[in-house]
Amino acid sequence: SPLNTPGSSIDGDGGLFGALAGINFQQDNLVFGVEGDVAFGSLDATHSPGLPNLDVETMATLRGRVGIALDSVLLFATAGVGFAGVDAAETPSDLSGTRRDSATHIGAVVGIGAEYAVTDSLLVRGEYQHGFYGEENYSFTNPTTLEVHTHGIDLDTDVVRAALIWKF
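Described in the following lines is the structure provided in the data block. (Residues numbered from 1 in each chain as written. Predicted model: local features only at pLDDT ≥ 70, side-chain atom pairs only at ≥ 80, totals over all residues. Heavy atoms only, no water.)

**Points about the environment of G33**
The residue G33 is located in strand β2 (residues 30–45) in this model. Judged by relative accessible area, which is 10%, G33 ranks as buried. Distance from G33 to G22, taken between C-alpha atoms, is 7.2 Å for residues 11 residues apart in sequence. Other than its neighbours up to four places away in sequence, G33 contacts I23, N24, R63, G64 and R65. (Helix = DSSP H or I, 4+ residues; strand = E, 2+ residues; numbered from the N terminus. Buried < 20%, exposed > 50% of the residue type's maximum accessible area, 1.4 Å probe, protein only. Contact = heavy atoms within 4.5 Å.)

**Considerations on the pairing of strand β1 (residues 13–27)**
Relative to β2, β1 runs antiparallel, the two sharing 15 bridges. When the bridges of β2 are listed, G14 appears paired with L43. Turn length for the β1-β2 hairpin, with the two strands adjacent in sequence and antiparallel, is 2 residues, and the turn residue D28 shows positive phi of about 55°. (Pairing = 2+ DSSP bridges.)

**Quick notes on the sheet that holds β2**
Strand order in the open sheet formed by 7 strands is β1-β2-β3-β4-β5-β6-β7, and the pairing between neighbours is antiparallel. Each having just a single partner strand, β1 and β7 (148–166) make up the two edges of the open sheet. Neighbour-to-neighbour, the strand axes of the sheet open up by a mean angle of 15°, direction not taken into account. Both strand β4 (residues 73–90) and strand β5 (residues 99–117) contribute to a ladder of 18 bridges, which runs antiparallel. Among the inter-strand pairings, F83 is bridged to a residue of β5, identified as I106. (Axes fitted to C-alpha atoms, helices over the stretch in contact; angles between N-to-C directions.)

Here is the structure:
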């Protein structure tokens, strides 16, 4: 997540839990469809005083996907739009109190993955997604001086996830 300080970036970790739904169609070995997902939790990224700490609390995507079915395995690629709800907190170097702001980043998501059909109805999935969520401005106000300053935060994410899927 690059900050408006040239060359500055922060890395975070954490976990999200959610749900996905979609519809797929198959023509011979070609599978194509549309799916959406939403996840809640906490992906925390902390930095030094003077620069904001980030907490991605929600993520959602709406994506198309295309894949090749090989017996019980589906290899697929996916792309679409993504949304990330982020809270930012800043503790200034003078430690005069934490200031907070939040924003929703909207951008593109691309990924690859594989599914394995354990049964006709139960699937196991592994997937990697990269999100290009773009820049949002976060404003922080000093409660004493009422001085406002802004950080432009350009959010990119790399997410590895696993899923158990019940197929209707």
